[in-house]
Amino acid sequence: MTSLRTAGVLTPDRPVGHLFEIRGWAGGVSRVDEVTVTIAGTSANLLPELIPGAPEGSLGWRAVTGARVPAGPQEVLVTGPDGAVLSAATVRVGTLLGEEPLWLGELSTPRADTTVEGHLVLVQGWALLQGKAASLIEVMVEGGGTVRARTRLPRPDVAAELPRFDDAAVSGFEALVPVDLDFGEERTLAVHVRYRTEGVGEVLSPVRTFTLRKPEADAEDTELADELAADTARAMARVTTVTDPKHVLVFTHSLHVGGGQLWLMELLTRMVTDHGWQVSLISESDGPLRADCAELGIEVHVTTHYRNSTVAAYEGHVAELARFAKCSGAEVALVNTLGGFGGADAAKRAGIPTAWVIHESFPLSTFAYLNWGAVKPPPAVWNRWQRTLAETDRLLFVADSTREMFLPYSKPERCRTVRYGTPMEKFGGRTRAEVRQQARTMLGYAPDDVVLLSLGIAEPRKGQGALVSAMERVHRVYPEAKLSIVGMHPTPYGLEVARSVERAGLSGVIDLVPIQPDPLRWLQAADIFVNSSDVESLPRSILEAVCCGVPVAATDVFGAREMLIDGESGWLFEPNDVDALTVALLRALGTSPSGRRDMAKAAHEQLLPWLDPAGYAREYSEILTDLARTGRPNPAGEESA
Amino acid sequence: MPDELSESAALPGRVQAELTRLRAERLVFTADQDKLKAELAGTEHELRESQSATKAASARDAEHAELNEQLAALREKQEKDQETAEANSAALEADVLTARQERDSLRAELLSCREERDRLRLALLEAELVMSTGTTDLALRQGAEPAFEHQRLIEAERRAAEMARELDATRRTVSWRVTAPLRVVRKKMDRP
């Protein structure tokens, strides 16, 4: 006698979670384990169970998922010993509208009930909301306010754990939350995290408590710092030199090609050629720009990185630099970047009036963490940093927002915003039709394509991952939209962005382009420029896009909001929020070509007063001339009349 | 003198001696008188100079006093100006602080407006997707499938057909036929 095998699946009448059980029956078998239940392609653990209402003679079973199942409709197959499918059903993994979405994740740091040492709280983890990376993750730390975390960070470990979740590989998030504590103070704080995606819902994590301790100031360190500073002061008093009011000593961090360095080279070129300055330059590291300096007749001295790790090392390096500065013959100093406080301190000790250019829109604690770690530099050096900010004759910023951020460290009359321009100003805010056509042809774009451009080295701060997620949604209603991400390189983040494009099936939509020495062609071909960075003081790429007549969609941060007016000369959106970025792209793509041209024109008119680089070079020259004339501080540290 | 000599020659010797002495004294007195006159003139001159110097000093004192008054007035004015400047500066700082607070408050309001706008725009996106493809982005993100309920219905129909086929196959099996009389008996017993 042959026994006919049959099976049935009792599908749940509502969505289920990532781990679930499902029941059914099988007939024509003597044991439950003769059948196999596969859920979303993976065998489930099968257990015998009495199923009321099952056909007579059949065996009831309960299938338990062995691994988490992604959200969405998932197939359940019951197969017999010979592999024949006896029954099939569909189960929906998810939640009903209005219910709290499914959440998977972990808050890795800070760990509960532990003590963290530093000036800020590093909040890290991974999260999936309904099986997808959340659009917005807000971290709330008591005493530190609410900070939007960077999302779409690579998490290969999570991807290995949840191989069927596409977004698991980019489920990481991170936020740095500065908390204002005194040195040596410790405080128990609470952190909780809100995960949100529009249309899916939000989840608020439970509160976690931990203790933050700010490093204690070492009295011996303070004493040593004062003693060594006094030694330097005595040494400086023994030296008398002849100085030239048209000679500037420049401190910079690097001579490699990069945004800050190129800005400086452009400035120095104009100061030498247009304003007759003699320049001596001290750099923390060597690089190809040294040859450019040589061509301009700029003397270059390459030193080491500023030695901030101990008081003795710091004071020693500053003393050496102060001696160099004193003997340089320069009447005035110019320090480049926030990390150059050793240079500013040295110039001050050498009695040279100093202007310090701060491009970075980071709080000191964040800057220190990113550059030197959680507990560096030591408190005595940290105090020098703050004192140098307070005593430097001029602090120069590229955006008013950045100036406002640093005002508490200085005095308003010492702080000034000098925005920079770009040589691309020569394009006059437009790209000729034939040039545009030529560029698009060379890059392989069709005439009907609407080309979006992201320009910047691939890194979490620039938000290329979020841009890919936004495009995944946008291209379904704007199939003609094509995105070029220029600035790719094989870092873990860059590689994960590339894999995200593949996973989303967007290889024909998103073009990933390596770092380009000259991205002009992409600017000429673009219809919309997108800046998705979460921190930007004065993005040069936005200036360049405006000069080429490309309308800009940008995050509403620091200098960007000083460059564009939302809805008039560009589209602004909140940072670190994929939903907001998606809407910005929809708004830009929903604007007619003539509307986009008007937008670009308005942006160009708005920025025109400071697009010419000759303008900021002249302003710097005037500031330095004025400092050389009036700014030499007397022993009390105040400016002479 | 010759007259005096001729007269004195006529006088007795004692008188002559007295006369000589008186003449000598007169010379001394005259010299003293001249000297005193010169001293008096010098003193008067000094007195006059002194008087004029005193007058000048008085004038200077008056001038100094005036200058001091002016200086005091200037200092007072400067102090007042400084106080005013400090007050203005404090007021300006307060204004800036207030303006920044207002700006931050407006920014928060803007943020909430943007969130609302974005929510609506994304809802519109859903609608656009439904109209264009029949598939909603939201449904996919919610973990649903396109027209989930419809699919459930199709699935149920498929399962019903499958069950019917299984039942039919069962009926055609030997065991079904063998047990047929038993089922007839059971049916009869179940009848009221």
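Residues numbered from 1 in each chain as written. Chains lettered and ligands numbered in written order. Predicted model: local features only at pLDDT ≥ 70, side-chain atom pairs only at ≥ 80, totals over all residues. Heavy atoms only, no water.

Colleague: What is the right way to read the side chain of Ser365 of chain A from this model?
Modeller: As for its placement among the helices and strands, Ser365 of chain A is situated in helix H7 (residues 364-372). Each residue touching Ser365 of chain A, except ones within four places of it in the same chain, is listed here: His119, Leu120, Pro178 and Trp382 of chain A. (Helix = DSSP H or I, 4+ residues; strand = E, 2+ residues; numbered from the N terminus. Contact = heavy atoms within 4.5 Å.)

Colleague: Is there a simple way to explain the sheet that holds strand E26 (residues 450-455) of chain A in this structure?
Modeller: Hydrogen bonds between backbone groups are what pair the strands of a sheet, and the pairing can be parallel or antiparallel. Residue and element names in this part refer to chain A. Ordered by their spatial adjacency, six strands build an open sheet running E28-E27-E26-E29-E30-E31, and the pairing between neighbours is parallel. Each edge of the open sheet carries a strand with a single partner, namely strand E28 (510-514) and strand E31 (571-573). Strand-to-strand twist across the sheet, computed as the mean angle between neighbouring axes with direction ignored, equals 20°. Where strand E29 (residues 528-531) meets strand E30 (residues 552-555), three bridges bridge the pair, whose relative direction is parallel. Each bridged residue has a counterpart across the sheet, and for Phe529 the counterpart in E30 is Val552. Contacting strand E27 (481-488) and E28, helix H12 (residues 492-503) crosses the sheet at an angle of about 155° to E28. (Pairing = 2+ DSSP bridges. Axes fitted to C-alpha atoms, helices over the stretch in contact; angles between N-to-C directions.)

Colleague: Would you mind going over empty space enclosed by the protein with me for this structure?
Modeller: It is a probe the size of a water molecule, rolled over the atoms, that shows where empty space is left. Residues and elements named next belong to chain A. Summed over the entire model, instances satisfying the criterion amount to six cavities of 30 Å³ or more. One number sums up the size of the largest cavity: a volume of about 60 Å³. Around the largest cavity, the lining residues are Arg150, Thr151, Arg152, Pro460, Arg461, Lys462, Gly463, Ala466, Tyr493, Ser532, Asp534 and Asn576. If one sorts the elements of the lining of the largest cavity by residue count, strand E14 (residues 150-153) sits on top with three residues. A breakdown of the residues in the lining of the largest cavity according to their chemical character gives three nonpolar, four polar and five charged. (1 Å grid on protein atoms, 1.4 Å probe; cavity = no way out; pocket = protein on both sides within 12 Å on 5 of 7 lines; lining within 4 Å. Points joined across faces, edges and corners; volume = space filled by probe spheres on them. Nonpolar A, V, L, I, M, F, W, Y, C, P; charged D, E, K, R; others polar.)

Colleague: Explanation requested: the pattern of salt bridges in the structure shown.
Modeller: Working definition: two side chains of opposite charge can pair if their charged atoms are close together. Using the criterion set out here, one finds 53 salt bridges over all chains in the structure. Put simply, Arg194 of chain A and Glu138 of chain A hold a salt bridge, and the shortest N to O gap is 2.6 Å. Highlighted residues: Arg194 of chain A in strand E16 (residues 186-197) and Glu138 of chain A in strand E12 (residues 136-141), separated in sequence by 56 residues. Look at Arg194 of chain A and you get buried, because its relative accessible area is 17%. Salt bridges linked by common partners bring Asp556, Arg561, Asp566, Glu574 and Arg587 of chain A together with Arg114, Arg117 and Asp118 of chain B together as one network. (Salt bridge = Lys/Arg side-chain N within 4 Å of Asp/Glu carboxyl O. Buried < 20%, exposed > 50% of the residue type's maximum accessible area, 1.4 Å probe, protein only.)

Colleague: Help me understand the side chain of Asp577 of chain A in this model?
Modeller: Here Asp577 of chain A is to be found in the loop between E31 and helix H16 (578-589). Despite its burial, Asp577 of chain A pairs with no opposite charge; the closest candidate is Arg148 of chain A, at 4.0 Å N-O. (Lys, Arg positive; Asp, Glu negative; His and termini not counted.)

Colleague: Looking at this structure, I do not really get the nonpolar core. What am I missing?
Modeller: Looking at soluble globular proteins, one finds that nonpolar side chains tend to be buried together. Residue and element names in this part refer to chain A. Within the largest apolar cluster, 60 residues are counted, with the highest numbers of intra-cluster contacts made by Val248, Leu334, Phe529 and Tyr620. Beyond its immediate sequence surroundings of up to four residues, Phe529 is in contact with Leu453, Leu455, Leu523, Ser541, Ile542, Ala545, Val550, Pro551, Val552 and Ala553. Grouped together as the second largest cluster of nonpolar side chains are 40 residues, Leu467, Val474, Ala584 and Leu589 included. (Core = buried A, V, L, I, M, F, W, Y, C linked by side-chain atoms within 4.5 Å.)

Colleague: Sorry if this is basic, but what is going on with the packing of aromatic side chains here?
Modeller: When we look at a pair of aromatic rings, we describe it by the centre distance and by the angle of the planes. All names here are of chain A. All chains considered together, the criterion is met by 15 aromatic pairs over all chains. With 4.9 Å between their ring centres and 20° between their planes, Phe341 and Trp385 make a pair best called stacked. Of this pair, Phe341 sits in helix H6 (residues 341-349) while Trp385 sits in helix H8 (residues 379-391); the two residues are 44 residues apart in sequence, bridging distant segments of the chain. We classify Trp385 as buried; its relative accessible area is 0%. (Phe/Tyr/Trp six-rings, centres within 6.5 Å; stacked < 30°, edge-to-face > 60°.)

Colleague: I would appreciate a short explanation of the sheet that holds strand E19 (residues 244-252) of chain A in the present structure.
Modeller: Residue and element names in this part refer to chain A. Taken together, seven strands build an open sheet; the order of strands is E21-E20-E19-E22-E23-E24-E25 and the sheet is parallel. Of all the strands in the sheet, just strand E21 (299-302) and strand E25 (415-417) have a single pairing partner and so form its edges. Going across the sheet, the axis of each strand differs from the next one's by a mean of 20°, ignoring polarity. Note that E19 and strand E22 (residues 330-336) share five bridges and pair parallel. Across the sheet, Phe251 pairs through a bridge with Val335, a residue of E22. Docked against the sheet, H6 engages E19, E22 and strand E23 (354-358), running at close to 170° with respect to E23.

Colleague: Sorry, what's going on with the confidence of the model for chain B here?
Modeller: Do not read the fine detail of predicted coordinates wherever pLDDT is low. All names here are of chain B. When the pLDDT values of chain B are averaged, the result is 77; 64% of them are 70 or greater. Of all helices and strands in chain B, the one with the weakest mean pLDDT is helix H3 (residues 137-142) (52), whereas helix H2 (residues 13-133) scores best (89). Low pLDDT (under 50) marks residues 143-149, which in the prediction has 17 contacts with non-local residues, meaning those over four places away or in another chain. Predicted as a complex, the structure gets a pTM of 0.81 and an ipTM equal to 0.82. (pLDDT = per-residue confidence, 0-100.)

Colleague: So what exactly am I meant to see when it comes to the layout of surface pockets here?
Modeller: Its volume calculated, the second largest pocket comes out at about 1600 Å³. Lining the second largest pocket we find 48 residues, and of these Thr146, Val147, Pro363, Met405 and Phe558 of chain A sit closest to its centre. Considering each element in turn, the lining of the second largest pocket owes the most residues, seven residues, to H2 of chain B. When its residues are assigned to classes, the lining of the second largest pocket shows 21 nonpolar, 11 polar and 16 charged.

Colleague: Is there a simple way to think about the pairing of strand E17 (residues 201-204) of chain A in this case?
Modeller: Regular strands have side chains that alternate between both faces of the sheet. Residues and elements named next belong to chain A. Note that E16 and E17 share four bridges and pair antiparallel. Counterpart to Thr197 in the pairing with E17 is Gly201. Hairpin remark: E16 followed by E17, antiparallel, with three residues in the connecting loop; positive phi at Gly199, about 90°.

Colleague: Just checking my understanding: could you explain the environment of Ala504 of chain A for this structure?
Modeller: Residue and element names in this part refer to chain A. Along the chain, the position of Ala504 falls in the loop between H12 and E28. On the basis of relative accessibility, which here comes to 23%, the residue Ala504 falls in the partly exposed class. For the pair formed by Ala504 and Ser469, sequence separation is 35 residues and the distance between their alpha carbons is 8.4 Å.

Colleague: Help me understand a negative patch on the surface in this model?
Modeller: A cluster of acidic residues, Glu216, Asp218, Glu220, Glu223 and Glu227 of chain A, forms a negative patch at the surface. Structurally, Glu227 of chain A is set in helix H2 (residues 219-237). (Patch = residues over 30% accessible without salt bridge, like charges linked within 9 Å, V, L, I, M, F, W, Y side chains within 5 Å. Areas by Shrake-Rupley, 256 points an atom, 1.4 Å probe, with all protein chains shown as cover. Charge placed at Lys NZ, Arg CZ, Asp CG, Glu CD.)

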